[in-house]
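Listed below, chain by chain, are the residues.
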Amino acid sequence: MNRVFLIGNLTRDPEFNTTSSGVAVCRFSIGVTRRFSQGESDFFNIVTWRATAENCQKYLKKGSKVAIIGAIQTRTYEAQDGTKRNAVDIVADEVQFLNTRAQGDEGDASSSYRKESPVNKLTPVENDEDLPF
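Since the structure is predicted, the reported quantities are computational estimates derived from the model, not experimental observations.

Observations regarding the overall build of the protein
Point 1. If you tally the helices and strands in the protein, you get 2 helices and 6 strands.
Point 2. Along its sequence from the N terminus, the protein presents helices and strands in the succession β-β-β-β-α-β-β-α.
Point 3. Per-residue burial over the protein gives 30% buried out of 133 residues.
Point 4. By element, 48% of the accessible surface of the protein is carried by carbon and sulfur atoms, the whole surface being about 9,900 Å².

Now the structure itself:
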């Protein structure tokens, strides 16, 4: 099974293009902080297609927080100096925009698109005997 779940921030503005057959493609990279290390991050190249690509181009910018669900894909290409290189991309099936309006720029039109998702407020259980099971 090839499945990746990442949460991070865009390191640069998305790059939007269309293929020769008219299919939308958007590329960007995200930085993901490592779980147990102080200040260390990993960086991943993300590729989105079609409607997801159009939405990413429209609503994301450098610094936007996103959740990515997708698959790892490797590719080989020839660099300008003639050497063969390998690249690893995350092809995103789903991109969730995690910035809320309060976190975005108030004057930014894209921030009005992002609505704060409701969060279920859980109350801590102080005694295990209070649990119904």
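Side note on the side chain of Asp 89
Point 1. With respect to the secondary-structure elements, Asp 89 resides in strand β6 (residues 84–97).
Point 2. Judged by relative accessible area, Asp 89 falls into the buried class, the value being 3%.

Regarding the confidence of the model for the protein
Point 1. The predicted model of the protein has a mean per-residue pLDDT of 85, with 75% of residues at 70 or higher.
Point 2. Per-element averaging of pLDDT across the protein places helix α2 (residues 109–113) at the bottom with 39 and strand β2 (residues 15–18) at the top with 98.
Point 3. In the model, residues 106–118 has pLDDT below 50 throughout and makes 18 contacts with residues more than four positions away in sequence or in other chains.

Let's talk about the nonpolar core
Point 1. Counting residues in hydrophobic clusters, the biggest one holds 17 residues, and the most contacted among them are Phe 28, Ile 30 and Ile 68.
Point 2. Among the elements of the structure, β1 (4–10), β3 (24–33), α1 (50–59), β5 (65–78) and β6 are those that each provide at least two residues to this core.
Point 3. It is β3 that contributes the most residues to this core, 5 residues altogether.
Point 4. Residues in contact with Phe 28, not counting those within four places in the same chain, are Leu 10, Arg 12, Pro 14, Phe 44, Asn 45, Ile 46, Thr 48, Cys 56, Leu 60 and Ile 68.

Some remarks on the pattern of salt bridges
Point 1. Throughout the structure, instances matching the rule amount to 6 salt bridges.
Point 2. In this structure, Glu 40 and Arg 34 form a salt bridge, with 2.9 Å as the shortest nitrogen-oxygen distance.
Point 3. Residue Glu 40 is classed as partly exposed on the basis of its relative accessible area of 39%.
Point 4. The exposure class of Arg 34 is partly exposed, given its relative accessible area of 37%.
Point 5. Bridged by salt links that share partners, the residues Arg 34, Glu 40 and Asp 42 form one connected network.

Details of the state of the cysteines
Point 1. Scanning all chains against the criterion turns up 0 disulfides.
Point 2. Left without a disulfide partner, Cys 26 is nearest to the cysteine sulfur of Cys 56, which lies 5.4 Å away.
Point 3. Judged by its relative accessible area of 0%, Cys 26 is buried.

Digging into the environment of Leu 10
Point 1. Relative to the elements of secondary structure, Leu 10 occurs in strand β1.
Point 2. Residue Leu 10 is classed as buried on the basis of its relative accessible area, which comes to 4%.
Point 3. Between the alpha carbons of Leu 10 and Ile 46 there is a distance of 9.7 Å; along the sequence they are 36 residues apart.

Quick look at the packing of aromatic side chains
Point 1. One pass over the full model with this rule turns up 1 aromatic pair.
Point 2. Measuring from ring centre to ring centre gives 6.2 Å for Tyr 59 and Phe 97, while their planes differ by 50 degrees; the resulting arrangement is tilted. Residue Tyr 59 is found in helix α1, and its partner Phe 97 is found in strand β6; the two are separated by 38 residues along the sequence.
Point 3. Tyr 59 sits in the buried class, given a relative accessible area of 12%.

So, how was this worked out
Residues numbered from 1 in each chain as written. Predicted model: local features only at pLDDT ≥ 70, side-chain atom pairs only at ≥ 80, totals over all residues. Heavy atoms only, no water. Helix = DSSP H or I, 4+ residues; strand = E, 2+ residues; numbered from the N terminus. Buried < 20%, exposed > 50% of the residue type's maximum accessible area, 1.4 Å probe, protein only. Areas by Shrake-Rupley, 256 points an atom, 1.4 Å probe, with all protein chains shown as cover. pLDDT = per-residue confidence, 0-100. Contact = heavy atoms within 4.5 Å. Core = buried A, V, L, I, M, F, W, Y, C linked by side-chain atoms within 4.5 Å. Salt bridge = Lys/Arg side-chain N within 4 Å of Asp/Glu carboxyl O. Disulfide = S-S within 2.5 Å. Phe/Tyr/Trp six-rings, centres within 6.5 Å; stacked < 30°, edge-to-face > 60°.

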